[in-house]
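Structural features, examined
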Amino acid sequence: MSMGRHQIPRHLRRRLVAAGTAAVCILGTAVGIGIYGAAQADNVADARPVQCLPEVPPPASSEVVPPPDESAPPEEPPAEEPPAEEPPAEEPPAEEPPAEEPPAEEPPAEEPPVEEPPADENPEEPPADEPPADEPPAEQGEEAQSFGLTSPQGARPRGEPTQEPPTEQPPGEQAPEEPPAEEPPAEEPPAEEPPAEEPPAEEPPADDDSNEEGPPPAETVPPVPPDAPEDEFGNEDCTDELGPFAQDFVSIFEVEPNNLADSPAPGANASTGTFVSDCGTNENEKFNSDNLIAAPGKVNAAEHTHGHVGNLDTNAGSTDESLLAAGTTCENQADKSSYYWPVLRVRNADGNGAEDDTNAHNTGEILRPASVLLEFRGNAQSDVVAMPPLLKVLTGNSKAETNDNANTNAKWTCSGFEDRITDKYPLCPRGSQVVRIADFPSCSDGNTDSANHRDHIVFPDETGACPEGTQAVPQLRITLSYDVPRGRVFALDAFPAELHSPRTDHNDFINVMSEDLMNEVVSCINSGRNC
């Protein structure tokens, strides 16, 4: 029997089938690997950090000049040039896909998108998120900085900022708007300021909280100019309805120089010395949400975490006796004083963070200060006298937003820019630290406390003189400096209703120095020495 002309021998057919099967398996494996690789690339891209806060560029012109005595900020611009050159450095990787074109499946492998996340480091992308910031204004004029949040808490209630959105839009077009003489119509909004002044008429609600009453500090942080552009978050995931919001941040270069960190000019009888107590930076991680001064005996009264240095016993159950018997973190063991403040937290690159176990509205990793300066200073018009033992003092207002900013005394700045004080979270240039400054009242009536925890010790007047019936005691200034990771959202712990406002910064102090040490402090200050 003869074979058909096109019939293939059985042994050859088996080989062809085997070869075909092997080819299909190899091709399938290659496709599978390609798909898996692309999926992994997408996962990596999704895991790339989102830069929530923009890089702060160096001064664009001579209009902004850092303090003359600080050379670090001017040197920082060169440090920022490399990031600008990074995009060209990424072009070679963009050419790699052609080298991988021989594989049929690799061109669709989305390796170029893998390069897109690094492009997020390009400071030009934050503006890409401006549209979301512009959507809220269509709904409410004051919600321009709420980033599309629908919660009534999405926009923080403020006085003058209600007019900031309209004035902020012109800055982007300053060139065309400055020449026109039609700016007088822009003065019409001031005519609408009276309504903005109505909230102060609602100050009585602040009387409901006796702990927040008392004479206001002599220094008041001026508002940021309305034409200062506000820095925006990378995307809507960088914040939540409990804050903070974009309006809570400002580039330090947008803050006008001021003298709020300076003391009054010393008079003929001024006490000009200083005394510094070194109590560490809370290396032992002593934290709690109690407030021994405002709410003794009540656990978690603050509803936010305080960081402590000094006395190791400070908590809701502390007594005068337990404070005197406790240990201290201070280098001079005779200083058992208690110093504490709300912690600063930094959130993940995507704006989220671990919730506090006790107070879930506070999220992020606690950022310990890089340095803590506890400095006791003199009075501009007289010598100082010793503080009463166990004197309790506080400064600032932990409920500033809901109490119409009564007694607010928040001071924020950047290292190297101490002549620019603001009550917003400062965005500092590379190499500069975020700085908190807390000045305490220093005119004592001799009592250790009062019903509202303020009337027994008040601030001196603008000349530095203490009011009648009080005497000047060493004035405490606490300066906290932080190395905040670049591009990360940071905020104070706060009561839920305060929305993590930077204005709620506050500090507390209980004098538990020995009599001998207090006398040494007074001697150093009155003799003009720096101890």
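Residues numbered from 1 in each chain as written. Predicted model: local features only at pLDDT ≥ 70, side-chain atom pairs only at ≥ 80, totals over all residues. Heavy atoms only, no water.

**Looking at the overall build of the protein chain**
- Scanning the protein chain from terminus to terminus reveals eleven helices and 18 strands.
- Surface accessibility of the protein chain: about 26,300 Å² in total, with carbon and sulfur atoms responsible for 52%. (Helix = DSSP H or I, 4+ residues; strand = E, 2+ residues; numbered from the N terminus. Areas by Shrake-Rupley, 256 points an atom, 1.4 Å probe, with all protein chains shown as cover.)

**What to know about the sheet that holds strand β9 (residues 392–396)**
- Overall, antiparallel pairing links the five strands, which are arranged β3-β4-β5-β18-β9 in an open sheet. The open sheet is flanked by β3 (287–288) and β9, the only strands paired with a single partner.
- Pairing of β9 with strand β18 (residues 506–510), which is carried by five bridges, proceeds in the antiparallel orientation. Note that in β18 the partner of Lys 392 across the bridge is Ile 510. (Pairing = 2+ DSSP bridges.)

**Describing the packing of aromatic side chains**
- Under the definition given, this model contains eight aromatic pairs.
- Between the aromatic rings of Phe 249 and Tyr 425, the centroid separation amounts to 5.2 Å while the plane-to-plane angle is 40°, which identifies the pairing as tilted. Of the two residues, Phe 249 sits in strand β1 (residues 249–251) while Tyr 425 sits in strand β11 (residues 425–427), which places them 176 residues apart along the sequence. Each member of the pair, Phe 249 together with Tyr 425, is buried.
- Ring plane angle 65° and centroid distance 5.4 Å describe the contact between Tyr 425 and Phe 490, whose orientation is recorded as edge-to-face. Taken together, the residues span a long stretch of sequence, with Tyr 425 in strand β11 and Phe 490 in strand β17 (residues 490–492) at a distance of 65 residues. Each member of the pair, Tyr 425 together with Phe 490, is buried.
- Three or more aromatic residues joined by ring pairs form one cluster here, namely Phe 249, Trp 412, Tyr 425 and Phe 490.
- Above the plane of the ring of Phe 495 lies Lys 399, whose end atom (NZ or CZ) is 4.9 Å from the centre. (Phe/Tyr/Trp six-rings, centres within 6.5 Å; stacked < 30°, edge-to-face > 60°. Buried < 20%, exposed > 50% of the residue type's maximum accessible area, 1.4 Å probe, protein only. Lys NZ or Arg CZ within 6 Å of the ring centre and 35° of its normal.)

**A word on the state of the cysteines**
- For the structure shown, the criterion picks out four disulfides.
- Bridging Cys 414 to Cys 428, the disulfide has an S-S length of 2.0 Å. On the sign convention where negative is left-handed, the bridge of Cys 414 and Cys 428, at about -85° about the S-S bond, is left-handed. On the criterion of sequence distance, the pair formed by Cys 414 in strand β10 (residues 411–414) and Cys 428 in the loop between β11 and β12 (434–439) is long-range, its members being 14 residues apart. Neither Cys 414 nor Cys 428 differs from the other in exposure class; each is buried.
- One disulfide bridge connects Cys 524 with Cys 531, the sulfur atoms lying 1.9 Å from each other. What sets the handedness of the Cys 524 and Cys 531 disulfide is the S-S torsion sign, and at about -100° it is left-handed.
- Accessibility expressed as a relative area gives 32% for Cys 531, which makes it partly exposed. (Disulfide = S-S within 2.5 Å.)

**Overview of the sheet that holds strand β16 (residues 475–482)**
- If you trace the five strands from one edge of the open sheet to the other, you get β2-β8-β16-β12-β10, paired in antiparallel fashion. Two strands lie at the open edges of the sheet, namely β2 (274–277) and β10, each paired on one side alone. Recorded for the sheet is a direction-independent mean angle of 25° between the axes of neighbouring strands.
- In terms of strand pairing, β2 meets strand β8 (residues 371–377) through four bridges, oriented antiparallel. Paired with Thr 274 across the two strands is Arg 377, which belongs to β8. (Axes fitted to C-alpha atoms, helices over the stretch in contact; angles between N-to-C directions.)

**Focus: the environment of Glu 401**
- On the secondary structure map, Glu 401 appears in the loop between β9 and β10.
- Glu 401 sits 99 residues away from His 500 along the chain, and the two C-alpha atoms are 9.5 Å apart.

**A word on the confidence of the model for the protein chain**
- Averaged over every residue, the pLDDT of the protein chain is 73; the share at 70 or more is 59%.
- Here residues 61–155 is modelled with pLDDT under 50, and outside its nearest four sequence neighbours on either side it reaches 99 contacts, counting other chains as well.
- Throughout residues 226–232 the model reports pLDDT below 50, and contacts reaching past four residues in sequence, or to other chains, amount to 26 contacts. (pLDDT = per-residue confidence, 0-100. Contact = heavy atoms within 4.5 Å.)

**Structural notes on the nonpolar core**
- Counting 52 residues, the largest nonpolar core has Tyr 339, Trp 341, Leu 344, Phe 376, Ile 478 and Phe 509 as the members making the most contacts within it.
- Element by element, the count of residues in this core is highest for helix α11 (residues 515–526), at six residues.
- Once residues lying within four places of it in the same chain are set aside, the contact partners of Trp 341 are Thr 305, His 306, Gly 307, Val 309, Val 372, Arg 436, Ile 478, Leu 480, Tyr 482, His 506 and Asn 507.
- If you look at the next biggest cluster of nonpolar residues, it comprises eight residues, including Leu 292, Ile 293, Leu 394 and Ile 510. (Core = buried A, V, L, I, M, F, W, Y, C linked by side-chain atoms within 4.5 Å.)

**Comments concerning the pattern of salt bridges**
- Enumeration according to the criterion identifies nine salt bridges in this entry.
- Note that Arg 503 and Glu 401 form a salt bridge whose closest N and O atoms lie 3.4 Å from each other. Linking Arg 503 in the loop between β17 and β18 with Glu 401 in the loop between β9 and β10, this pair joins segments that are 102 residues apart in sequence.
- With relative accessibility at 11%, the residue Arg 503 sits in the buried group.
- Among the ionic contacts, a cluster of salt bridges with common partners joins Arg 377, Lys 411, Asp 439 and Arg 477. (Salt bridge = Lys/Arg side-chain N within 4 Å of Asp/Glu carboxyl O.)

**Things to note about α11**
- When the terminal C-alpha atoms of α11 are compared, their 16 Å separation across twelve residues agrees well with the 16 Å that a helix rising 1.5 Å per residue should span.
- Gly 528 lies just past α11 and shows a positive phi near 80°. (Expected span 1.5 Å × (residues − 1).)

**Details of a nonpolar patch on the surface**
- A surface patch of nonpolar side chains, amounting to about 260 Å² of accessible area, comprises Ile 8, Leu 12 and Leu 16.
- Turning to its location among the elements, Ile 8 is positioned in the segment before α1 (10–47). (Patch = residues over 30% accessible without salt bridge, like charges linked within 9 Å, V, L, I, M, F, W, Y side chains within 5 Å.)

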